[in-house]
Amino acid sequence: MAIIASRIDGRLIHGQVANLWGMKLGITRFMVIDDEVAQNDVEKQSLKLATPAGIRLSVLPVEKAATNIKNGKYDSQRLMIVARKPDRFLRLLDYGVDFGTLNVGNMSQSDDTRSITNSINVTDEDVRVFEELDAKGVDIVSQMVPNNKAEAFMPLLKK
């Protein structure tokens, strides 16, 4: 399968994802899955600017991403899927896409979140979605950069 990595990161494509993860994993395409971002030309343009030369970018609604993946559109590429929130990955899974291990990176703080690490903040809805992903057998880890050791994510929610 073409999916090399799946990551939740509120910043989507930025230095850490583009350079550290992209280069370390030999990514040839970043896929941002988000219904709202896919409709926002300003955000899409920002993501294009943040994507390194030589790496392709797709910014797609979740259903379209699932269709493309299941139809084998990216089978010859090394794909990294990125989304802001875990619900996008739950929907992808519900559409029948196995995306492998889910890496939780940066989730930004807001008035509705509680902090579980220095860079991961979750809402009650996020927790519910992570629990559902876990119950469906998704391996969820937290690893900010490739040189860090991956840490089991679900125990962090219990702290």
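Residues numbered from 1 in each chain as written. Predicted model: local features only at pLDDT ≥ 70, side-chain atom pairs only at ≥ 80, totals over all residues. Heavy atoms only, no water.

- Looking at an unreviewed UniProt entry, the chain carries the name PTS mannose/fructose/sorbose transporter subunit IIB, with the source organism given as Staphylococcus pettenkoferi.
- Recorded in UniProt under Subcellular location (unreviewed entry), the annotation for the chain is "Cytoplasm". (UniProt positions renumbered as here; feature names shortened; annotations may be inferred.)

1. Considerations on the pairing of strand β2 (residues 29–33)
- With respect to burial, β2 is a largely interior element, five of its five residues being buried.
- Going residue by residue along β2, you find Arg-29, Met-31 and Ile-33 tucked away on one face and Phe-30 and Val-32 tucked away on the opposite face as well.
- The pairing of β2 with strand β3 (residues 56–60) spans five bridges and is parallel. Within β3, the residue paired with Val-32 across the bridge is Val-59.
- For the crossover from β2 across helix α2 (residues 41–50) to β3, the handedness is right-handed.
- Sheet topology note: the β2/strand β4 (residues 79–83) ladder contains four bridges and is parallel. Residue pairing for β4: Phe-30 is matched across the bridge by Met-80. (Buried < 20%, exposed > 50% of the residue type's maximum accessible area, 1.4 Å probe, protein only. Helix = DSSP H or I, 4+ residues; strand = E, 2+ residues; numbered from the N terminus. Pairing = 2+ DSSP bridges. Right-handed = clockwise from strand over helix to strand, strands pointing away.)

2. Examining helix α3 (residues 62–70)
- Along α3, the residues classified as buried are Val-62, Ala-65, Ala-66, Asn-68 and Ile-69. All buried residues of α3 lie within an arc of 165° about the axis, which places them on one face of the element.
- Those residues of α3 that are buried are in contact with β1 (3–8), β2, β3, β4 and α4 (86–94).
- Within two residues after α3, Gly-72 carries a phi angle of roughly 80°, on the positive side. (Arc of directions from axis to C-beta. Contact = heavy atoms within 4.5 Å.)

3. What about the packing of α3 against α4?
- Interhelical geometry of α3 versus α4 gives an angle of 45° and a closest axis separation of 9 Å. The pairing of α3 with α4 is recorded here as oblique in orientation. Our pair here, α3 against α4, has a crossing hand that is right-handed. Here Val-62, Glu-63 and Ala-66 of α3 come into contact with α4, specifically with Arg-88, Arg-91 and Leu-92.
- Residues belonging to the contact of α3 with α4 are distributed by class as follows: three nonpolar, no polar and three charged. (Axes fitted to C-alpha atoms, helices over the stretch in contact; angles between N-to-C directions. Parallel < 35°, antiparallel > 145°, perpendicular 65-115°, else oblique. Left-handed = near helix turned anticlockwise from the far one by under 90°. Nonpolar A, V, L, I, M, F, W, Y, C, P; charged D, E, K, R; others polar.)

4. A short note on the sheet that holds strand β8 (residues 140–142)
- Across the sheet, which stays open at both edges, the seven strands sit in the order β3-β2-β4-β1-β5-β8-β9 with mixed pairing between neighbours. Only two strands of the sheet have a single neighbouring strand rather than two, namely β3 and β9 (151–152).
- Across the sheet, α4 is in contact with β1, β2, β4 and β5 (102–104); its angle to β4 comes to roughly 125°.

5. Description of the confidence of the model for the chain
- Looking at the chain as a whole, the pLDDT averages 94, with 99% of positions reaching at least 70.
- In the model of the chain, helix α1 (residues 15–25) stands out as the element of lowest mean pLDDT, 88, in contrast to α4, which has the highest, 98. (pLDDT = per-residue confidence, 0-100.)

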